[in-house]
Amino acid sequence: MAVATAAQELGLKRGEFAIAVHLGMIRLTVPRDGGRPRVGRDEIERLRSQDGFPEALRERVRTVGTAAGARQLGISPDRFTKLARAGCLTPITFYLNRYRAIVWLYLADELTGFAAREPQLLTGRTPGWLRDRLEGGADCRAGNWRSRRVERLLSLTEDPWARVAVLADTLDPVQLAEVVDDPYERAYLARLRPEPSFGPTGPVWARETMAHLMRADEPDELLWRRVNLIMELDNAREVRPAPRPGRDRRAFQSPGSERAPAPDSRADADADADAGSGARPRSESGSRSGPESALVPGAPPSVPPGPCPGPGPVQAPTGAVEPVVGLLARIGLRRRTVREAKRRQSPPGRVPFGG
């Protein structure tokens, strides 16, 4: 059945259903010929047969904002915001209010676990490491949200090109063209870009906000994303080349997965036009918005004391054989200054994020 019908069957709102999908509570299937994800009848029956249904399922996906989260932890909203900015609390999703400002939401279950693990952060004076981080202007909410979304999407597929598409979504078009210099490959990645379960929703400015939040905006994270993208790209090229005009497209059908539909001829048509004109190919902006499309669990719910949490150590994908020296040289040749990166990622007129 369609995901909207499945949500009604389970008594979940769209946002709750999307959280359950990204937490791995609900399994989706995508037809091999493409199309929207669907939910099997056996999956619905499995969930309905669980103890405490539907209240238990709703409680596991219940989210709270800053005010409700502070009440749950027994602290002030100001202290809750400081903990979130310092990276101690990781948002699960967000929405845009009527002023187009980002409102972060957190899993109620994760807040309960945090209170049990770190009670010393809820009372008394603020630790020195946390004060230093906040005085330095740290705001880890967007970065932590982005990391858990990327990690969750990577865990949903083993297809090498689909994994590259997830990482490509974290770079702006200019940086992506520096790493993936083949226009046909970029067109293919655009076709494999992850989409929300319910499809593109919301106004254009909301989808632009989602695309902006998905892009790395700190020098360390930018370097990390580029390193992983290069490694995954090299692995994907070894497994199979990206589709090109004039070849049998059936050889490049990606396996059915939750976020990797099979390519179609439009990707090649766009790539032909870009290659023939000599212009940089058009990069589609992310077409996701709202709480149901911004859900990305998969990372640890708590962050240990220390520097603003980063994505973690670099791990080469299976089959990657490029020497480390060559990888670092490629990154060094393509790196831009921090000022240029900030200017590219913050075009005039874009609504600020993280307020």
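One can find the structure itself at the top, above this paragraph.
Residues numbered from 1 in each chain as written. Predicted model: local features only at pLDDT ≥ 70, side-chain atom pairs only at ≥ 80, totals over all residues. Heavy atoms only, no water.

**Topic: the sheet that holds strand E1 (residues 63–64)**
Which entries qualify depends on this criterion: For two strands to pair, DSSP has to find at least two bridges joining them. Secondary structure elements are defined from DSSP: runs of H or I of at least 4 residues count as helices, runs of E of at least 2 residues count as strands, and each element is numbered from the N terminus.
Taken together, three strands build an open sheet; the order of strands is E1-E3-E2 and the sheet is antiparallel. Strand pairing shows two members of the sheet lacking a second neighbour, E1 and strand E2 (93–96), which therefore form its edges. In this sheet, strand E3 (residues 102–107) lies alongside E2 in antiparallel orientation, the contact comprising four bridges. Its bridge partner lying in E3, Thr93 is registered against Leu105.

**Quick notes on the nonpolar core**
The following threshold applies: Put simply, a nonpolar core is a bunch of buried Ala, Val, Leu, Ile, Met, Phe, Trp, Tyr and Cys residues held in one set by side-chain atoms that sit within 4.5 Å of each other. With a 1.4 Å probe rolled over the protein chains alone, any residue whose accessible area is under 20% of its type maximum counts as buried; one over 50% counts as exposed, and the rest are partly exposed.
If you look at the biggest cluster of nonpolar residues, it comprises 51 residues, and the most contacted ones within it are Leu83 and Leu229. Top element by residues in this core is helix H10 (residues 160–168). It accounts for six residues. Grouped together as the second largest cluster of nonpolar side chains are 20 residues, Leu10, Met25, Leu47 and Val61 included.

**Brief notes about unusual backbone geometry**
Residue Pro54 is bonded to the preceding Phe53 through a cis peptide linkage, with omega at 0 degrees. Along the chain, Pro54 turns up in the loop between helix H3 (41–48) and helix H4 (55–60). One non-glycine residue with positive phi stands out, namely Arg100, at about 65 degrees. Note on placement: Arg100 falls in the loop between E2 and E3.

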